[in-house]
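The chain contents come next:
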Amino acid sequence: MTDERQTQYFNLIDELLQCPNGQEPEVLEAQPELIDSGLVQAMLQVATMFAHQGNQDGAQFLFFVAKQLAKELGLYPEVSNQVATQE
């Protein structure tokens, strides 16, 4: 992932955090080129950072959105299968 791409992900995450409740789908639909596994990964990184900083609301929101995106992208079942095979 390039630094430019990562910056785009973080800018999109910032937009999601600042948009009015319920407008998240519109924010995501405005930048479909950024909706991929890299965005999900960036959301999880930011959510983890938020959790460590005590921002539970922000962390929960990003974990929820990342999980929904992962399901839509077909990544969620793969993650479950990978975890199951590693045990």
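Scroll up a little and you will see the structure.
What comes next concerns the included structure. (Residues numbered from 1 in each chain as written. Predicted model: local features only at pLDDT ≥ 70, side-chain atom pairs only at ≥ 80, totals over all residues. Heavy atoms only, no water.)

Things to note about helix H3 (residues 37–52)
Under the 1.5 Å per step criterion, the end-to-end length of H3 is 23 Å for 16 residues, consistent within 8% with the ideal 22 Å. Those residues of H3 that sit buried are Gly-38, Leu-39, Val-40, Ala-42, Met-43, Val-46, Ala-47 and Phe-50. Contacts from the buried residues of H3 go to helix H1 (3–18), helix H2 (24–29) and helix H4 (56–72). Positive phi shows up at Gly-54, right after H3, with a value of about 85°. (Helix = DSSP H or I, 4+ residues; strand = E, 2+ residues; numbered from the N terminus. Expected span 1.5 Å × (residues − 1). Buried < 20%, exposed > 50% of the residue type's maximum accessible area, 1.4 Å probe, protein only. Contact = heavy atoms within 4.5 Å.)

What about H4?
The end-to-end C-alpha distance of H4, which contains 17 residues, comes to 24 Å, matching closely the 24 Å that a straight helix rising 1.5 Å per residue would cover. Taken residue by residue, H4 has Gly-58, Ala-59, Leu-62, Val-65, Ala-66, Leu-69 and Ala-70 as its buried positions. Down the axis of H4, the buried set is contained in an arc of 140°. They therefore lie on one face. Pointing more than 90 degrees away from the buried face of H4 are the exposed residues Asp-57, Gln-60, Phe-64 and Glu-72. (Arc of directions from axis to C-beta.)

Some points on the side chain of Gln-31
With respect to the helices and strands, Gln-31 occurs in the loop between H2 and H3. Residue Gln-31 is classed as buried on the basis of its relative accessible area of 18%. Engagement of the side chain of Gln-31 in a polar contact is seen with the side chain of Glu-15, the distance being 3.1 Å. What Gln-31 contacts, discounting residues up to four positions off in sequence, is Leu-12 and Glu-15. (Polar contact = N/O pair within 3.5 Å; in protein donor to acceptor, adjacent residues only side chain to side chain.)

Notes on the pattern of salt bridges
Tallied over the entire structure, the rule returns one salt bridge. For Arg-5, the salt bridge goes to Asp-36, with nearest N and O atoms at 2.7 Å. With Arg-5 in helix H1 and Asp-36 in the loop between H2 and H3, this pair connects stretches of sequence that are 31 residues apart. Residue classification places Asp-36 among the partly exposed residues on the basis of a relative accessible area of 22%. (Salt bridge = Lys/Arg side-chain N within 4 Å of Asp/Glu carboxyl O.)

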